[in-house]
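Structure at a glance
Next come the chains, spelled out residue by residue.
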Amino acid sequence: MAFQPKLFEDPPKPPLEERVKEALLELVPRGEAREWAEEVRRRALERERPFLQAALPLLKEALASGEEVDPRRIEPVLHPVETEEDKRLFKALVLLWWSMPYTRAYGRRLAYLVKDRTNGKVMGLLSLMSPVLRMEARDRFLGIAKEDRTLAANLGLQAHRVGALPPYNLLLGGKLAAMALASREVREDYKRKYEGRLSLMEGRKLPADLVYVYTTGAYGKASIYERLRDRSGRPLVFRAGETKGEGVFHIPKETYDLVIEFLASQGFEAKRGYGGGPSQKLFHVKKACALLGLPNVALHNHRRPIYVFPHAENFREALKGLEEPRWNDLPFAELASWWLERWALPRAERALRGEAPDWRGFSPRELFLSLGLFG
């Protein structure tokens, strides 16, 4: 058969430099953080739609309808995410519900599903990873000196995903997920998982004592972290200042992939994987902007409050190696019992009086349909 030339040739791709420049210019700071996050989330949903559709049976099994939840019988349990099925469910739940787009955790990691033992449904989740090495306000609050940053980073974790799923969010389940960050189980799981491990960045054994957990409010002041105390009245969390308004939460995967490709074309090694977390991603974006003569698109100017959950009474002395940690020792079951008494049941009573949103009207099927998931 004779060769038949194409009647219409595919248009040539613009040069890589033009493509990455155009993608980054779209991210020049403007608008509100929620608007940025929603756009990134929309793209992620489109990209991950086949994954979500395949995970729909897991989601149907995991989410409770409002009618399945009796606040008087809620019994929260902390379920570590360890199996491949748990990991798939965790990712699907984040894609399905969270306004902040899904991002993978880096370095040392722990993740949990908070489940209701009475019906087996998922109430909420939390995910933790290695901290950003340098954060001025956090380090000032914790008393971390420049020369101690590496050690202090391995004595802490950053909570980068914390919250409740419907209908438990309407019963202030977000506060329960936040309280779990202070629990004894998280500290013990960290030690069990990482004790004796070599640090890949330092090439030496670093301690696996979890002295603190910190997180940031996604869009400013975060109600789930405010005024959290244990039953005795002791604060579980402290405000430790604000971030500097720089980060990469609004950088879509497609744009970051272009940044990596561009940096490689310019002879720069763009490390990914372990050690390639938010700090490294921030460095790559800033480097690409500088090479292209663009403003720093990572400087979004949305300053976030920093919240620190100490796991030891003497956390500052323990971080400096001056004293052995005196652990707060708060079992999750005890925290959950206090959450139910202090927050969930009073909120349920207000809902029944028509003074707060009613959790009983939630339908998982309506949520699935709203996102175009069928089955």
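Scroll up for the structure.
Reference entry: report on the structure contained in this document. (Residues numbered from 1 in each chain as written. Predicted model: local features only at pLDDT ≥ 70, side-chain atom pairs only at ≥ 80, totals over all residues. Heavy atoms only, no water.)

1. Brief notes about the overall build of the protein
Scanning the protein for helices and strands turns up 13 helices and seven strands. Taken over 375 residues, the protein has a buried fraction of 51%. Contacts spanning at least 24 positions in sequence make up 80% of the contacts within the protein whose residues lie at least 6 apart. As displayed, the protein offers around 19100 Å² of accessible surface, 51% of which is attributable to carbon and sulfur atoms. (Helix = DSSP H or I, 4+ residues; strand = E, 2+ residues; numbered from the N terminus. Buried < 20%, exposed > 50% of the residue type's maximum accessible area, 1.4 Å probe, protein only. Contact = heavy atoms within 4.5 Å. Areas by Shrake-Rupley, 256 points an atom, 1.4 Å probe, with all protein chains shown as cover.)

2. Looking at the sheet that holds strand 2 (residues 110–116)
What the seven strands build is an open sheet, ordered 1-2-3-4-5-7-6; its pairing is mixed. For this open sheet the edge positions go to strand 1 (76–80) and strand 6 (238–242), each flanked by a neighbour on one side alone. With strand direction ignored, the average angle separating the axes of adjacent strands in the sheet is 30°. Pairing of strand 5 (residues 212–216) with strand 7 (residues 305–310) involves five bridges; the strand directions are antiparallel. From the neighbouring strand, V213 faces strand 7, where its bridge partner is F309. Strand contacts of helix 7 (residues 173–180): strand 1, strand 2, strand 3 (121–129), strand 4 (156–164) and strand 7, with the helix running at about 165° to strand 4, the strand carrying the most contacts. Across the sheet, helix 12 (residues 332–352) lies against strand 1, strand 2 and strand 3, angled at about 140° from strand 1, the strand it touches most. (Pairing = 2+ DSSP bridges. Axes fitted to C-alpha atoms, helices over the stretch in contact; angles between N-to-C directions.)

3. Quick look at the environment of T255
Within the secondary structure, T255 sits in helix 9 (residues 253–265). Considered as a pair, T255 and A23 are 232 residues apart in the sequence and their alpha carbons are 6.0 Å apart. Excluding residues within four positions of it along the chain, T255 makes contact with A23, L24, L27 and R43.

4. Structural notes on helix 9
Here helix 9 contains 13 residues, and its C-alpha end-to-end distance of 18 Å stays within 8% of the 18 Å for a straight helix at 1.5 Å per residue. Among the residues of helix 9, those classed as buried are T255, Y256, L258, V259, I260, F262 and L263. (Expected span 1.5 Å × (residues − 1).)

5. Examining the pattern of salt bridges
For the structure shown, the criterion picks out 22 salt bridges. A salt bridge links R138 to D139, with the nearest nitrogen and oxygen atoms 2.8 Å apart. A salt bridge links E323 to R326, with the nearest nitrogen and oxygen atoms 3.2 Å apart. Relative accessible area serves as the criterion here: at 43%, R326 is assigned to the partly exposed category. (Salt bridge = Lys/Arg side-chain N within 4 Å of Asp/Glu carboxyl O.)

6. Structural notes on the pairing of strand 5
A large share of strand 5 lies buried, amounting to five of its five residues. Residues Y212, Y214 and T216 line one face of strand 5 and the alternating positions V213 and T215 line the opposite face, and both faces are buried. Looking at chain direction, strand 4 and strand 5 are connected through three bridges and run parallel. Looking at the pairing, L157 lines up with V213 of strand 5.

7. Concerning the nonpolar core
Within the largest apolar cluster, 49 residues are counted, with the highest numbers of intra-cluster contacts made by L126, L128, L181, F309 and W339. Mapped by element, the contributors of at least two residues to this core are strand 2, strand 3, strand 4, helix 7, helix 8 (184–194), strand 7 and helix 12. A total of ten residues in this core trace back to one element, the largest contributor, which is helix 12. Among residues more than four places away in sequence, those in contact with L181 are L126, L128, A159, V162, V213, Y225, F309 and H311. (Core = buried A, V, L, I, M, F, W, Y, C linked by side-chain atoms within 4.5 Å.)

8. Digging into the packing of helix 1 (residues 16–25) against helix 9
As a packed pair, helix 1 and helix 9 sit with axes 9 Å apart at the nearest point and diverge in direction by 140°. Here helix 9 runs oblique to helix 1, going by the angle between their axes. Note on packing geometry: the crossing formed by helix 1 with helix 9 is left-handed. Residues L16, E17, R19, V20, A23 and L24 of helix 1 pack against T255, L258, V259, E261, F262 and S265 of helix 9. (Parallel < 35°, antiparallel > 145°, perpendicular 65-115°, else oblique. Left-handed = near helix turned anticlockwise from the far one by under 90°.)

9. Regarding the environment of E269
Relative to the helices and strands, E269 resides in the loop between helix 9 and helix 10 (278–292). Between the C-alpha atoms of E269 and H284, which are 15 residues apart in sequence, the distance is 9.7 Å.

10. Remarks on the packing of helix 7 against helix 12
As a packed pair, helix 7 and helix 12 sit with axes 10 Å apart at the nearest point and diverge in direction by 155°. One finds that helix 7 runs roughly antiparallel with respect to helix 12. Here helix 7 runs over helix 12; the crossing is right-handed. Mapping the contact onto sequence places G173, K175, L176, M179 and A180 in helix 7 and F332, L335, A336, W338, W339 and W343 in helix 12.

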